Amino acid sequence: DAGITQSPRYKITETGRQVTLMCHQTWSHSYMFWYRQDLGHGLRLIYYSAAADITDKGEVPDGYVVSRSKTENFPLTLESATRSQTSVYFCASNNRGAYEQYFGPGTRLTVT
Amino acid sequence: SQQGEEDPQALSIQEGENATMNCSYKTSINNLQWYRQNSGRGLVHLILIRSNEREKHSGRLRVTLDTSKKSSSLLITASRAADTASYFCATDGGGSYIPTFGRGTSLIVHP
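Residues numbered from 1 in each chain as written. Chains lettered and ligands numbered in written order. Predicted model: local features only at pLDDT ≥ 70, side-chain atom pairs only at ≥ 80, totals over all residues. Heavy atoms only, no water.

> How should I be thinking about the overall build of chain B in this particular structure?
Helix and strand counts for chain B stand at zero helices and eleven strands. The linear arrangement of helices and strands in chain B, starting from the amino end, is β-β-β-β-β-β-β-β-β-β-β. In terms of overall size, chain B behaves like a compact globule, its C-alpha atoms giving a radius of gyration of 13 Å where 111 residues would be expected to give roughly 13 Å. Seen through its principal axes, chain B has C-alpha atoms that stretch 45 × 25 × 20 Å. Counting the 111 residues in chain B, one finds 44% classified as buried. Element-wise, carbon and sulfur atoms account for 45% of the exposed surface of chain B, whose accessible area totals about 5300 Å². (Helix = DSSP H or I, 4+ residues; strand = E, 2+ residues; numbered from the N terminus. Rg over C-alpha atoms; globule rule 2.2 N^0.38 Å. Buried < 20%, exposed > 50% of the residue type's maximum accessible area, 1.4 Å probe, protein only. Areas by Shrake-Rupley, 256 points an atom, 1.4 Å probe, with all protein chains shown as cover.)

> Would you mind going over the pattern of salt bridges with me for this structure?
Pairs may arise between side chains of opposite charge once their charged atoms sit close together. Evaluated as defined, the whole model comprises six salt bridges over all chains. Notably, a salt bridge pairs Asp 38 of chain A with Arg 44 of chain A, separated by 3.0 Å at the nearest N-O pair. Classification of Asp 38 of chain A by relative accessible area gives buried; the value is 13%. Salt-bridge contacts for Glu 55 of chain B lead to Arg 62 of chain B; the nearest nitrogen and oxygen are separated by 3.2 Å. According to the relative accessible area criterion, Glu 55 of chain B is partly exposed, its value standing at 39%. Arg 62 of chain B sits in the partly exposed class, given a relative accessible area of 31%. Where salt bridges share partners, they join Arg 36, Asp 38 and Arg 44 of chain A into one cluster. (Salt bridge = Lys/Arg side-chain N within 4 Å of Asp/Glu carboxyl O.)

> What should I look at first to understand the interface of chain A and chain B in this one?
The extent of an interface is frequently quoted as the accessible surface area lost upon association of the parts. Opposite the 20 residues of chain A that make contact, chain B presents 21 residues. Overall, the association of chain A and chain B removes approximately 1500 Å² of surface from exposure, summing both partners, and the carbon and sulfur fraction of that is 56%. By the criterion of area lost to chain B, the three top residues of chain A are Leu 43, Tyr 99 and Phe 103 of chain A, representing 38% of everything that side buries. Linking chain A with chain B are zero salt bridges. On the surface where chain A and chain B come into contact, there are three residue pairs in polar contact (both at pLDDT 80 or more). Counting residues per element, the ones that place at least two in the side of chain A that touches chain B are strand 4 (31-38) and strand 5 (42-51) of chain A. Looking at which element gives the most residues to the side of chain A that touches chain B, the answer is strand 5 of chain A, with five residues. (Contact = heavy atoms within 4.5 Å. Buried area = accessible area lost by both parts, 1.4 Å probe. Polar contact = N/O pair within 3.5 Å; in protein donor to acceptor, adjacent residues only side chain to side chain.)

> Would you take a moment to explain the pairing of strand 4 of chain A for this structure?
On a regular strand, each side chain points to the face opposite its neighbour's, so the side chains alternate between the two faces of the sheet. Residues and elements named next belong to chain A. Of all eight residues in strand 4, eight are buried; the element is thus mostly enclosed. Residues of strand 4 alternate between two faces, with Tyr 31, Phe 33, Tyr 35 and Gln 37 on one and Met 32, Trp 34, Arg 36 and Asp 38 on the opposite face, all of them buried. The pairing of strand 4 with strand 9 (residues 87-94) spans seven bridges and is antiparallel. What sits directly across from Met 32, in strand 9, is Ser 93. In this structure, the hairpin formed by strand 4 and strand 5 is closed by a connection of three residues, where Gly 40 is found at a positive phi of approximately 90°. (Pairing = 2+ DSSP bridges.)

> Would you mind going over the side chain of Thr 77 of chain A with me for this structure?
All names here are of chain A. Within the element layout of this structure, Thr 77 appears in strand 8 (residues 76-78). For Thr 77, a relative accessible area of 15% puts it in the buried group. At 3.0 Å, the side chain of Thr 77 forms a polar contact with the side chain of Thr 20.

No statement about biological role is implied by the geometric values presented.
What follows is the structure in C-alpha cells.
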C-alpha cells in the first residue's frame, strides 16, 4: 500500500535491550524524520535524513542510532533502552523543496 | 526546544461555534504550518503560510500570520465533533527548513 508505515505499532521491552523501530515510505521522498512525542514536550526531533546515507542529529539524539541504506527505509535503533525512552515515536517524510510532512501512524514504546 | 508555542493548551466548545487557537514564536521564520492529530494517530498537515503572507484559507480553516508580533492564529469556523483533535503549529527559519513543533492545543468539540 502506498504511504508511510511504521512497525511495530506497539512494543514493550526491558531496560538495556536493543530495539529497532522500522519506518517505510513508498513515495521516494528525499527527507525522512524521527520524532518522539511525550506529554508536556510535544513533538521533538530525534534524527533526520536528507537522502540515502545522509543522516543528521535533531534536538534529542542521545541513545538513538539511525541508518538509511535505502531511500524508502529509515530504521531507528535504541541500542540500550532506558525508561526515559518510553514514548510514542513518529516517522515522517517529505520531498525536497516541499515543507508539508507526511506522518506515519506511530509506534508506542514502553521500556520496563 | 520548541520554537512555536500554542495557546490555549486546551479548548472546549460546542458544535457550530468557532474555534481559535494561537501560536507564538521567538525568531524569524520562513514558513509556519498547522497540523492536526487525532487521538492515537499521526499528524496530518492542514495548511502552510509563508512569512510574506498574512492570511490563507482552506475550507473552514483560516490562518493569519503577524510577523511583527511573531504570532499566528488558526480559526476553525462552524466546528464539528469530528474536529476534536490536537492542533500543532510548526515553524522553520534561519538556515533550516526543518520544522520545529509546538506542544499543541487540545480541542474538544461537543455535539
